[in-house]
Amino acid sequence: MAKLEVKNLSMSYDGKNKILEDLSLSIQDGELVSILGPSGCGKTTTLRIIAGLLKQTDGEIIVGEKNISNLPVHKREFGMVFQSYALFPHLSVFNNVAFGLKMRKLDKKQIQEKVENVLSVTGLSDLAKRFPAELSGGQQQRVSLARALVINPQVLLLDEPLSNLDAKLRVEMREEIRRLQQELKMTAIFVTHDQEECFAISDKVAVMNRGRVEQFDTPQAIYQEPKTLFVAKFIGFENFIKVVGYDGEAYLTESNIKLAAQAKENTRYLTIRPRQIKIIETANDSENVVKGRIINRTYLGNSYRYTVKTSLGVLKVDDFEHDVLSRDEDVILELAVKNLLPLEN
Ligand SMILES: Nc1ncnc2c1ncn2[C@@H]1O[C@H](COP(=O)(O)OP(=O)(O)OP(=O)(O)O)[C@@H](O)[C@H]1O
Ligand SMILES: [Mg+2]
């Protein structure tokens, strides 16, 4: 396994539209990095370039110390799992997994050994003689994973491998992929548009938007401190307050209200999670208090979600401490400085 570096990738399919722009990622030996982003942002394109199935317009791929930017796909020794499992329907599980080894002209005994080993690791030993049509989706997915693992790849590339599975199986399989990746100490890239999935299994996450990486960080850092409006929206923040200036102590909002928050360069918005906005009894002198009126209420199970109209705009507030409040009630909200995050555009 090896360290993988993607340096300043650019890609255009037609010479005009840039699909990837100056995209860089650095993946340490044995790390699992996810690429997270909406449909069409360039995730599959990035993965196919890394695998050597597509040629970049610009930029480099480095594995270990070696520049592999111009190596053909079969010389890269990467394992790839596609969204559609792409199994050979006329071959048994054993032969699907053995295929890559036969292509590499290994002798029969070696093939037998390696395939048996990987079938055992992926829990498929009992299904070796079956054909793809006789397997469940989850089992097919395992075969596809086994097929990628059997060549002992330098890097494992997974493109939305769980998207055809139901919710429960997805969770099981993602844990299994993580377990295998850690056990075999593999360097891996996992593409998904599912935030929970990628936070659950990744060492680091690259959040992509329109062919660029907006933030590359640990899941915890991205969750707690998204850097940009796009990242914050993508991971589920809902309250955004536009700011127009900073006076050295507080941000001036569009509605002319001042809000104290951590000072950061290029701040265009402030954001706060609904459960971090507090409903308080009386306005105090503490900073960042705003009055509002409840315009909607929904029940979330362990809290109530209020939609509150304030002079800062409409804010979502989750409350689980107070008695239930009604529509049209007036409330006072506190947006504590420590919970108010500055965002770039
Ligand atoms: N062969 C191609 N020729 C021209 N444009 C393409 C080609 N393949 C992809 N694109 C375009 O490149 C952009 C990125 O596509 P890509 O498949 O990388 O997105 P993605 O992030 O994987 O999306 P999804 O989540 O839907 O799989 C899209 O606008 C897509 O239409
Ligand atoms: Mg894709």
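Residues numbered from 1 in each chain as written. Chains lettered and ligands numbered in written order. Predicted model: local features only at pLDDT ≥ 70, side-chain atom pairs only at ≥ 80, totals over all residues. Heavy atoms only, no water.

By the naming in an unreviewed UniProt entry, the protein chain goes by ABC-type quaternary amine transporter and is assigned to Liquorilactobacillus cacaonum DSM 21116.

**Q** Got a minute to help me understand the layout of surface pockets in this structure?
**A** One water molecule sets the probe size; rolling that probe over the atoms shows where empty space is left. Roughly 600 Å³ of internal volume is contained in the largest pocket. The wall of the largest pocket is formed by 22 residues, among which Phe 78, Met 80, Gly 100, Arg 104 and Ile 151 lie closest to the centre. At the level of secondary structure, the elements contributing two or more residues to the lining of the largest pocket comprise β6 (78-81), α2 (93-103) and α4 (137-149). In terms of residue count, α2 provides more of the lining of the largest pocket than any other element does, 4 residues in total. Of the residues assigned to the lining of the largest pocket, the class counts are 15 nonpolar, 3 polar and 4 charged. Estimates place the volume of the second largest pocket at around 230 Å³. Looking at the second largest pocket, it is lined by 11 residues, and the ones nearest its centre are Asn 117, Val 118, Leu 149, Asn 152 and Leu 184. (1 Å grid on protein atoms, 1.4 Å probe; cavity = no way out; pocket = protein on both sides within 12 Å on 5 of 7 lines; lining within 4 Å. Points joined across faces, edges and corners; volume = space filled by probe spheres on them. Helix = DSSP H or I, 4+ residues; strand = E, 2+ residues; numbered from the N terminus. Nonpolar A, V, L, I, M, F, W, Y, C, P; charged D, E, K, R; others polar.)

**Q** Mind showing me how you'd approach the UniProt feature "domain: ABC transporter" (unreviewed entry) in the protein chain here?
**A** Per the UniProt annotation, the sites labelled "domain: ABC transporter" (unreviewed entry) are residues 4-235. Taken end to end, residues 4-235 comprises 36% helix and 24% strand; its first and last C-alpha atoms sit 26 Å apart. (UniProt positions renumbered as here; feature names shortened; annotations may be inferred.)

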